[in-house]
Amino acid sequence: MRVVIFCWEYPPRIVGKLADYVSNLATQLVKNKVAVHVVTYNDVMTGISEEANGVKVFRVDNPVRTHVNLLTWDLTLNQEAERAGASIYYQLRRKVDLIDVYDWHFIPAAVTIKNALGIPYVYSVDSLEDHRSPGADAPFNMAIRGIEWLGFFEAQKVTAKSEWMRSEIVRLYKVPAEKIAVTSPTAASWVKDVLAVYKSASGGSEAQ
Amino acid sequence: MKRKLNVMMFSWEFPPRVIGGISPHMYFLSKSLAENGVKVHVVTCDFPGAPEYETIDGVEVYRIDSYKNPSPDFATWVYLMNLNMQKEAAAIASKLPDPIDVFHAHDWLVATAGIGLKHVFRKPLIVTMHSTEIGRRDGLHATTEHMIHETEAWLTYEAWRVICCSNYMMSHVKWAFGLPGDKLSMVPNGVNPHAYDRLENQDLSSFRLKFALPHEKIVLYVGRLVYEKGIHILINAVPKVLAKADAKFVIVGSGYMQEQLSNIVKSMGLEHKVLFTGFVDEENLLKLQKVADVSVVPSLFEPFGIVALEAMAAKSPVVVSDTGGLSEIVQHDVTGVKAYPNNTDSLAWGISKILTDDNYAKTIRENAYKIILEKYDWNKIAQQTRILYEAVLGEYSKSFWA
């Protein structure tokens, strides 16, 4: 299986806990014979590199340096993520089974690639705007929620790291519960759970 | 290529959504391309009452929801709108029976949609730069302006070819973004001279009376009331013209300078000589251009100057400031009068010359109309654009993307 992971942080760029989580997952996936390509942001290291653990990393930088807010920064970075994602797709002779996108930052790229090239994606939720900025209803926050909503709407499958997050996604975004799988990183079956989601989302068999 | 050339164009305005000059440009260019055997799909912003999808004069027009997400400011709205435009366009393009051969984006307002789709579909992107932020603002001052400028630079970098509508704009864009000369092409903007045909033999005297007294000549300004259009130069020229000729100044358009301008008129005690109409619908605008004794384009920055072409097509003599695209459209003393830019005395002299010398006005009017038919015909412009598409596709076919 060939998977492209979109995440705005990946070592050595560490913003929160997503970088290490995705890096661990990618390593485990490679061990399970998944070809993993990570597309991430880095303003210093750019281009393709193959890491020691066998994960191919494609780091992109924002071509627009001056920004008025995080949204404009994000919405101009996405075209570079699309360029990277499309390059991987064409280099693999149009055989990418799935995109796994972490949080809202690269939802635009995942949605565009899905609609253009027919590659399904899994939206993996680490956190939601409602929890990051509780009660904030400024247009800025509403727009981020709008992008999260689009992410849920267009996703083939959604993953949450806990039952609590799963119920929050249902409560806040009215996502059908059966579309969301819980893949807890503390569970013994973590990698197996993620692989099951990948198989089901990419049209493969759900059975292991 | 056996099948028709398949082009997808992006713009933030297309009739009936009209904000500036891009909207009519889009309409006539796409229609004339369709008449020249090119299949055109226009993806643009929605407008109340306009359908999501329709075929207009052989052109497929798709209108996307442009207010899907709330935005803190205009620039952020542009990028959020592009997110939706890009997603919808991706879905449209992937479902077409034939693949898109060329993406064509108009201005930074659709930059990210165009750039993203170029890479995802691996097809050439052609960009028309109608204007630039550095030109509009006469430099880069605020953070937003830098961001827009950098987005424009990125867009022209990603473009296979950059089209400008005047030689002036070509050198401006070359300077602003450091582009190599062979990446730039000049294709002029056009005008539809037949828009005025049916008014030719109509009696417009009662229409004229709504704006001016019978003994007053009409001096017409059409454009946004913003600094770069130099409307304040025209307002300051009003007393100087009135010293030579009896005239009514009809100012069509709106903008942030409106209040300031009407205060200046009040302080001069000339409210009875200057009429601010605000935005005027197409029908009334055509008639106004037809009855105007002189049309004035006093711009300080003007990439092209479509409003001068429209006046010339309406057979209204023009006075323009000698700058930007206007310098190329008008030949002084032949097809119009050129005034020194940002110079009230020079502008007033030009207007007075037309208003007081009927023979001169008549010659100018006839010469100008002839040039319009020869040079600014949309059919010819579409042919030039088609040749450019084909040249780009020829280069593309030799690239590793093909």
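Residues numbered from 1 in each chain as written. Chains lettered and ligands numbered in written order. Predicted model: local features only at pLDDT ≥ 70, side-chain atom pairs only at ≥ 80, totals over all residues. Heavy atoms only, no water.

(A) How the structure looks around the nonpolar core. Core analysis: the biggest nonpolar cluster contains 98 residues, and A:F6, A:Y123, A:I169 and B:F10 have the highest contact counts within it. Here this core gets twelve residues from one element, more than from any other, and that element is helix α2 (residues 74-95) of chain B. In contact with A:Y123, not counting residues within four places along its chain, are A:V101, A:D103, A:W104, A:I107, A:E148, A:G151, A:F152, A:A155, A:K157, A:V158 and A:T159. Of all hydrophobic cores here, the second largest spans 37 residues; its members include B:L204, B:V250, B:L285 and B:V330. (Core = buried A, V, L, I, M, F, W, Y, C linked by side-chain atoms within 4.5 Å. Buried < 20%, exposed > 50% of the residue type's maximum accessible area, 1.4 Å probe, protein only. Helix = DSSP H or I, 4+ residues; strand = E, 2+ residues; numbered from the N terminus. Contact = heavy atoms within 4.5 Å.)

(B) Structural view of the interface of chain B and chain A. In this complex, chain B contributes 30 residues to the contact, which on the side of chain A involves 33 residues. Interface area, chain B with chain A, both sides summed: about 2,700 Å², of which 71% is carbon and sulfur. Broken down residue by residue, the surface that chain B buries against chain A is led by B:K87, B:V120 and B:W154, which jointly contribute 22%. Taken together, the links from chain B to chain A amount to one salt bridge. Residue A:E154 is joined to B:K87 by a salt bridge in which the shortest nitrogen-to-oxygen separation is 3.7 Å. Seen at the junction of chain B and chain A, the total is nine residue pairs in polar contact (both at pLDDT 80 or more). Looking at the side of chain B that touches chain A, the elements that each hand over two or more residues are α2, α3 (111-121) and α5 (143-158) of chain B. The dominant element in the side of chain B that touches chain A, judged by the number of residues it contributes, is α2(B), at nine residues. A breakdown of the residues in the side of chain B that touches chain A according to their chemical character gives 13 nonpolar, twelve polar and five charged. (Buried area = accessible area lost by both parts, 1.4 Å probe. Salt bridge = Lys/Arg side-chain N within 4 Å of Asp/Glu carboxyl O. Polar contact = N/O pair within 3.5 Å; in protein donor to acceptor, adjacent residues only side chain to side chain. Nonpolar A, V, L, I, M, F, W, Y, C, P; charged D, E, K, R; others polar.)

(C) View of the pairing of strand β1 (residues 2-6) of chain A. Residues and elements named next belong to chain A. Where burial is concerned, most of β1 is hidden: four out of the five residues are buried. Taken together, the five bridges between β1 and strand β2 (residues 35-41) define a ladder with parallel strand orientation. Within β2, the position partnered with V4 by the bridge is H37. Taken together, β1, helix α1 (residues 18-31) and β2 form a β-α-β motif whose crossover is right-handed. (Pairing = 2+ DSSP bridges. Right-handed = clockwise from strand over helix to strand, strands pointing away.)

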